[in-house]
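Working through the structure, step by step
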Amino acid sequence: MTIATINPLNGEILQTFTPLTSQEIENKLSLGVNGFQDYRLTSLEFRGEKLLKAAVILEENQEKYAQLMTIEMGKPIKQAMTEINKCASVCRFYAENAQKFLTPKYTDTDATKSYVTYQPLGIILAVMPWNFPFWQVFRFLSPALMAGNVGLLKHASNVPQCALAIESILLSAGFPEGVFQTLLIESPQVEKVLRDTRVKAVTLTGSELAGKSVASIAGQELKKSVLELGGSDPFIVLDDANIEEAAQVAVTARLSNNGQTCIAAKRFILHHNIADKFQELLLEKYRNLTLGDPLNPNTDIGPLATPNILKDITNQVNKTVEMGAKVLIGGEIMESKGNFYPPTILTDIPVNSPAMKEEFFGPVALLFRVNNLKEAIDLANNTIFGLGASIWTKNEDNIEIAVRDIESGSVFINGLVKSDLRLPFGGTKQSGYGRELSIEGMHEFVNIKTVWQK
Ligand code: NAP
């Protein structure tokens, strides 16, 4: 993919970038590895002070960075503003908690002293997606840099200015040169960087295809990898749930970020007793959404990030409808210059249609009906993905069964799936492996070194 800023509102090419040459990549790798030699010896106070400064820079320039994201990938500006605040929070969280998370753990053994200590690995390569151009990067870099690692970012090709802005924030915050660098490279260039012996580990957030490719290279090189991939999260509503509240939350759960969120609720699995009512409430809310320029604060839904995403979602919906699904609202491509797709609801979804099997990365809600909790969980698990799950019920027995039986990295009860700094985040099955955030996220990229002293 060409590295360029292309406004998804109108297709205007605003800026293009030339990918780095082999020599330029070599210079960055050597800057990174040299930077690591000094940086690994710095104190937590030193690193924390810089990360807190980064939080302040983010907040002071919230509007500027939010606009940059919106212009590059089309998210509604209000959501972009929230994203910048969340990045500041994750900086503060790790600046404040790193000491606790990295404190050596002593255990009684036959030694005089035995303990576990957490040491940095070196250069970590982060391959990141465009959908949360700041958040995905900050949730990686905050724990990684606090632990004493250095980062190399290969960001998605459609958000190069966000990638450069993040590098510049960290330099302005006082991180030494080489501690965090952006590599403006195309995806075929990733392999050589990852195979370089100076790169110690990789984290990728993105599609299964990209995940498999990067993980197989990491496997051949025996390097640690963390994968945060796609999802087709279930949103189960049972007949004892608060239906109004569930329908209200469902709109945000499905449509936030123009429907392009890995943990978006994508499959709504409804108990037949409440399905009509839920469907009616959801439809009503869908009718009242405002589509338009994402820079306008009154816009609910902006354009999809790229023409390819628009093409994919259009094909997926068309094929599902051709196979027999019903369209309650939307479902037809709009006359516009930008990548707009209308908020859409599909019901009566046929068994082998794309809606049953694939991730729908756009504003399309897929509605299913079931007779009981068992059927709901079976349907929820009938996917290659296992990222998050949301279930709405007041019954404690139902909750216990859902927590036990749903195959996913998280279960949220009577709420939408979201990432919280204090809780680990990640998936099972083809949604990936490893965790981000919380203490677990910080321990992914450290050498957990055992020390035994007589
Ligand atoms: P993508 O096409 O896989 O791209 C993600 C990143 O990987 C980009 O930087 C891309 O670079 C790079 N890439 C693509 N193919 C590659 C390859 N073969 N080797 C090395 N790098 C490669 O995914 P996307 O369309 O940007 O993002 C959407 C997907 O990400 C969805 O499936 C979504 O669910 C998932 N996601 C998951 C999470 C999570 O936390 N689990 C969070 C957000 C998104 P180029 O742009 O240059 O191609």
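It should be noted that the structure appears before, not after, this text.
What comes next is a walk through the structure.

Definitions and limits used
Residue positions are counted from 1 within each chain, in the order its sequence is given. Side-chain atom pairs in this predicted model are given and counted only at pLDDT of 80 or more, local residue features only at pLDDT of at least 70, and totals for whole chains, interfaces and linings cover all residues. Excluded from the side-chain calculations are hydrogens and water; all other atoms, namely the structure's heavy atoms, are used. Segments assigned H or I by DSSP are reported as helices when at least four residues long, segments assigned E as strands when at least two residues long, and all are numbered from the N terminus. Nearness is judged by heavy atoms alone; a residue qualifies as near a molecule or strand once a single heavy atom is within 4 Å of it. Under the rule applied, a polar contact is a pair of N or O atoms within 3.5 Å (in protein, one hydrogen donor and one hydrogen acceptor; residues adjacent in sequence only if both atoms are side-chain atoms). In this description, accessible areas are obtained by the Shrake-Rupley approach with a 1.4 Å probe, and a residue is regarded as covered only by the protein chains that are shown. Domain start and end points were adopted from an automatic or database domain assignment. Planes of paired rings set the category: under 30 degrees apart is stacked, over 60 is edge-to-face and the rest tilted, where pairs are Phe, Tyr or Trp rings (Trp by its six-membered ring) whose centres lie within 6.5 Å. Only protein chains enter the calculation, and the probe is 1.4 Å; a residue is then buried if its accessible area is under 20% of its type maximum, exposed if over 50%, and partly exposed in between. Charge-over-ring contacts are defined here by two conditions on Lys NZ or Arg CZ: a distance within 6 Å of the ring centre and an angle within 35 degrees of the ring normal.

1. Topic: unusual backbone geometry
With a phi close to 50°, Asp348 is a non-glycine residue in the positive phi region. For Asp348, the location among the structural elements is in the loop between β13 (344-347) and α12 (354-357). You will see that Asn414, though not glycine, has its phi angle at about 60°, which is positive. Note on placement: Asn414 falls in the loop between β17 (410-413) and β18 (428-429).

2. As for the site of the ligand
For the ligand, the set of nearby residues contains 28 residues, the closest of which are Trp130, Arg139, Ser157, Ser207 and Glu359. The side chain of Ser157 places a nitrogen or oxygen atom 2.5 Å from an oxygen atom of the ligand. Out of a free accessible area of 900 Å², the ligand has 86% covered by protein chains. Put simply, the parts of the chain that give the shell around the ligand at least two residues each are α5 (135-146) and α8 (208-220). Ranked by residue count, the leading element in the shell around the ligand is α8, at three residues. Each of domain 1 (4-229 + 431-453) and domain 2 (233-420) accounts for three or more of the residues forming the shell around the ligand.

3. Considering the packing of aromatic side chains
Following the criterion strictly, the structure yields twelve aromatic pairs and no others. A ring pair is formed by Phe134 and Phe138, whose centres lie 6.3 Å apart and whose planes are at 15°; its orientation type is stacked. On the basis of relative accessible area, Phe138 is assigned to the buried category, the value being 0%. Sitting over the ring of Trp135, Lys86 keeps its end group 4.5 Å from the ring centre. For the cation-ring pair, Lys224 lies above Phe445, with the distance from its terminal atom to the ring centre recorded as 5.9 Å.

Coordinates in, geometry out; function isn't part of it.
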